Amino acid sequence: MTTRPADPAPPLSPLEAAMRRGLSRRGFLGVGGALTAGIALGPLLAACGSGGGAAGGGPRTQKLVMGIAGTPDTLDPGATGLALTLLMSFTMFDPLTWWLPTGPNGAGEFHPGLAESYTVSPDAATYTFTLRQGVTFHDGTPFDATAVKATYDHIVDPATQSKSGLGALGPYRETRIIDPYTVEIVFDQPNASFLHQQAAGNFGISSPAALQQYGATGFGNHPVGTGPFVFGEYVSGDHLTVTRNPDYTWGPAALGSGPATLEELTFRIVADDSGRYNALQAGQLQVAMNLPANDISAASKSGRYTHLSVPSIGTPSGMPINATKPPTDDVRVRQAIIHAVDQETLVNEVLFGVNKPAHSVLTAITPGYSQESAGLYPYDPAKAGALLDQAGWTMGADGVRTRGGEKLSLEILLFSNAGFELPAQFVVSQLNKVGFTANTTVQPFATAQGAFNQGVHNLGSFGYYGADPYLLNIWANSNAIASGFNWSHYANPQLDAMIADANVTADEAARNAKYEQVCMTLMQDAVYLPLWDVNGAFTDSPSVQGLQNTLNGYILFHGAKLA
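In this text the structure is predicted, and so the values were computed from the model without any measurement. (Residues numbered from 1 in each chain as written. Predicted model: local features only at pLDDT ≥ 70, side-chain atom pairs only at ≥ 80, totals over all residues. Heavy atoms only, no water.)

Asks: Could you clarify how one ought to interpret the overall build of the chain in this entry?
Replies: Summing up its helical and strand segments, the chain has 16 helices and 25 strands in all. Burial analysis of the chain (563 residues in total) assigns 58% to the buried set. For the chain, restricting intrachain contacts to residue pairs at least 6 apart in sequence, the fraction spanning at least 24 positions comes to 71%. By element, 51% of the accessible surface of the chain is carried by carbon and sulfur atoms, the whole surface being about 20100 Å². (Helix = DSSP H or I, 4+ residues; strand = E, 2+ residues; numbered from the N terminus. Buried < 20%, exposed > 50% of the residue type's maximum accessible area, 1.4 Å probe, protein only. Contact = heavy atoms within 4.5 Å. Areas by Shrake-Rupley, 256 points an atom, 1.4 Å probe, with all protein chains shown as cover.)

This is the structure in structure tokens:
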């Protein structure tokens, strides 16, 4: 994080002095004209159009269809464990504050959302928000402090079974209503990550009436927020349609504060990768998300489409290595796996150069990224072989290592529609060269998640879009093994304490240094095989304009339109 000089009075607390550009002791700097009017991703290439235009050159029907690969696990942002759900929920829900790449060189800045301003206690354990008045939920319920409390109570309710939000919330204690438009969110200890986390998507404020009506699990089928689009229709496995909220006037100026231009936005589920690209070419889609690397390359070379790669703070796409299931319960075997895989060749030859190789547990743009940890495992098959020799695995005449008559075999489990199948084949081919054999299984996300928690795998599939390095708490904490995202089954109370210590550290430099040490520990213990940096990949028709992006890999449709 970078520091902006403090206002003369009142003096800033240590935490606030370390916050990202755009923060003052109370409220937001640069609002009301000092910021650019938007963060559009650049002009799109002119080429043949796609369907939806009006006859005779009249105004175009503003209905956009985006193709997505997977089915959301829920439409409740507070319960979901999928980045895909959060991308869609940003159309229907608003956070208390937005964190957007509107600063110099795309640096993050905070903007008013459902809160007009806020203060942070000197110990960073209490965040007080002054709420915007005159906001209404899609069901007609007025927005006030009751809604904020209901949202956070819902996330921590065990019945909600929150997958990402609960871990991101950290040492949460309670939400206190001070008056109808003032609320305090209180933590048991300093929580320096909270402002970033609450802007990342999981904490979109929900209608308290809808939460009560549909219950902890039913709300996921009946999402009600305050966002620029209203839930319209969801057909599982087929599509989600949202429609313009004509009353929306409380968006941040950087996104366009008024109602959206799009009348209707449909997320169409097209699980078949080639089918998504074909539908884009036929004009049935205007945006295709996460096309295979070969199709992204072909689309870009054709000159007919624009490809938007939105880098994200987070954990690279990669493979958790199970530290408890033989043979990967031996750190030497885990280290050998990482040495045996050439990420540069993977990205250049399998992923057509459309991604960036990854070598640590955080992406390179994430605060706390450790360059030193990224150098621990250069591609070195000979080193991998030596480690396996040390672990007692002897190379056989058939190219497979054995120990005590047992083959050096790995169980690899992937979740589907996440682009891991071809990269995993490459990884297996690399591991074969140093004496491993492997069996690969692909399951739907919901099924695979349970299997990951049970620990049936040696290697899994993972990647995490985040907003703060505290995201490591979500997948590396010992408490996240049985039901969370610690699919490495790595239990290290010392590391848990290191993450907690980093999160209570207000000073930016000191906090980042502590996260760098966390990265070093995780890589030294070899519990994750990083492959490529996570990013949002969106291939667009030339008709699409005004897409904007977040700092965690998503696009926003507040100002989108069809030309």
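Asks: When you look at the nonpolar core in this model, what are you seeing that I'm missing?
Replies: The tendency in soluble globular proteins is for nonpolar side chains to be buried side by side. Formed by 148 residues in total, the largest nonpolar core has its most connected members in Met66, Phe129 and Phe557. Sorting elements by how many residues they give to this core places helix α3 (residues 145–156) first, with six residues. The residues touching Phe129, leaving out its near neighbours within four places in the chain, are Leu96, Thr97, Ala115, Ser117, Tyr118, Tyr181, Thr182, Val183, Ile185, Phe194 and Leu195. Core analysis: the second largest hydrophobic core is formed by eight residues, Ala288, Leu291, Tyr305 and Ala537 among them. (Core = buried A, V, L, I, M, F, W, Y, C linked by side-chain atoms within 4.5 Å.)

Asks: So what exactly am I meant to see when it comes to α3 here?
Replies: An α-helical turn contains 3.6 residues, so a residue and the one three or four places further along point in the same direction. For α3, built from twelve residues, the straight-helix expectation of 16 Å at 1.5 Å per residue is met to within 8% by its first-to-last C-alpha distance of 17 Å. Among all positions in α3, only Ala145, Ala147, Val148, Ala150, Thr151, Tyr152, His154 and Ile155 are buried. Those residues of α3 hidden inside the fold are in contact with β5 (126–131), α4 (165–169), β6 (172–179), β7 (182–187), α5 (194–198) and α6 (208–218). The N-cap residue of α3 is Asp144: its side-chain oxygen and the backbone nitrogen of Thr146 are 3.0 Å apart. (Expected span 1.5 Å × (residues − 1). Polar contact = N/O pair within 3.5 Å; in protein donor to acceptor, adjacent residues only side chain to side chain.)

Asks: Is there a simple way to think about the packing of aromatic side chains in this case?
Replies: Each aromatic ring pair is characterised by the separation of its centres together with the angle its planes make. Taken as a whole and assessed by the stated rule, the structure comprises 31 aromatic pairs. Ring centres of Phe462 and Phe485 lie 6.0 Å apart, and the angle between their planes is 50°; on these two criteria the pair is classed as tilted. Within this pair, whereas Phe462 is found in strand β19 (residues 462–465), its partner Phe485 is found in the loop between α14 (472–476) and α15 (493–503), the two being separated by 23 residues in sequence. Of the two residues, Phe462 and Phe485, both sit in the buried class. Joined through ring pairs, the aromatic side chains of Phe415, Phe420, Phe445, Phe452, Phe462, Tyr464, Trp475, Phe485, Trp487, Tyr528 and Trp532 make up one cluster. (Phe/Tyr/Trp six-rings, centres within 6.5 Å; stacked < 30°, edge-to-face > 60°.)

Asks: Mind showing me how you'd approach the environment of Leu87 here?
Replies: You can see Leu87 is positioned in helix α2 (residues 83–89). C-alpha of Leu87 to C-alpha of Gly536: the two residues are 449 residues apart in sequence and 9.8 Å apart in space. Setting aside its immediate chain neighbours within four residues, Leu87 contacts Met66, Phe267, Met289, Phe538, Tyr554 and Ile555.

Asks: Explain the sheet that holds strand β13 (residues 314–320) to me, please; I cannot follow it from the model alone.
Replies: Note on sheets: strands pair through backbone hydrogen bonds, and any given pair is parallel or antiparallel. The strand order β19-β13-β20 describes an open sheet built from three strands, whose pairing is antiparallel. Both edges of this open sheet fall to β19 and β20 (528–532), since each of them pairs with a single strand only. The average angle at which neighbouring strand axes cross in this sheet is 35°, direction not considered. Pairing analysis gives three bridges linking β13 to β19, with the strands arranged antiparallel. By the bridge assignment, Gly318 is partnered in β19 with Phe462. (Pairing = 2+ DSSP bridges. Axes fitted to C-alpha atoms, helices over the stretch in contact; angles between N-to-C directions.)

Asks: Mind showing me how you'd approach the sheet that holds strand β16 (residues 406–407) here?
Replies: If you trace the three strands from one edge of the open sheet to the other, you get β14-β15-β16, paired in antiparallel fashion. The sheet is open, and its two borders are formed by β14 (394–395) and β16, each paired with just one other strand. Relative to β16, strand β15 (residues 401–403) runs antiparallel, the two being bridged by two bridges. What sits directly across from Arg403, in β16, is Glu406.

Asks: Help me understand the environment of Leu195 in this model?
Replies: Within the secondary structure, Leu195 sits in helix α5. For Leu195, a relative accessible area of 1% gives the class buried. Sequence separation between Leu195 and Trp99 is 96 residues, and the spatial gap between their C-alpha atoms is 8.4 Å.

Asks: Quick question: what am I supposed to make of the packing of helix α7 (residues 273–281) against helix α8 (residues 293–302) here?
Replies: Closest axis-to-axis distance for the α7/α8 pair is 10 Å, and the angle between their directions is 20°. As summarised for this structure, α7 and α8 are arranged roughly parallel, according to the angle between their axes. The element α7 and its partner α8 pack so that their crossing is right-handed. On α8, the residues touching Asp273, Ser274 and Tyr277 of α7 are Asp295, Ala298 and Ala299. The residue makeup of the contact of α7 with α8, split by class, is three nonpolar, one polar and two charged. (Parallel < 35°, antiparallel > 145°, perpendicular 65-115°, else oblique. Left-handed = near helix turned anticlockwise from the far one by under 90°. Nonpolar A, V, L, I, M, F, W, Y, C, P; charged D, E, K, R; others polar.)

Asks: Can you walk me through the pairing of β20 in this structure?
Replies: Here is the key point about a regular strand: its side chains alternate between the two faces of the sheet. Within β20, five of the five residues are buried, leaving the element largely enclosed by the surrounding structure. Both β13 and β20 contribute to a ladder of four bridges, which runs antiparallel. Paired with Ser317 across the strands is Trp532, a residue of β20.

Asks: In this structure, what is going on with the environment of Ala168? I would like to understand it.
Replies: Mapped onto the elements, Ala168 comes out in helix α4. Sequence separation of Ala168 and Ser193 is 25 residues, and the distance between their C-alpha atoms is 8.5 Å. Not counting residues up to four positions away in its chain, the partners in contact with Ala168 are Gln197, Phe203, Tyr470 and Ile474.

Asks: Whenever I open this one, the pattern of salt bridges confuses me. Can you help?
Replies: Two side chains bearing opposite charge may form a pair once their charged atoms approach each other closely. One pass over the full model with this rule turns up ten salt bridges. Here Arg511 and Asp468 are joined by a salt bridge, their closest N and O atoms 2.6 Å apart. In this pair, Arg511 sits in helix α16 (residues 508–524) while Asp468 sits in the loop between β19 and α14, placing the two residues 43 residues apart along the sequence. Asp468 shares its class with Arg511; the two are buried. Among the ionic pairs, Lys514 bridges to Asp501, the shortest N-O distance being 2.9 Å. Remark: Asp501 occurs in helix α15 and Lys514 occurs in helix α16; sequence separation between them is 13 residues. Connected through shared salt-bridge partners, Glu174, Arg176 and Glu184 make up one network. (Salt bridge = Lys/Arg side-chain N within 4 Å of Asp/Glu carboxyl O.)

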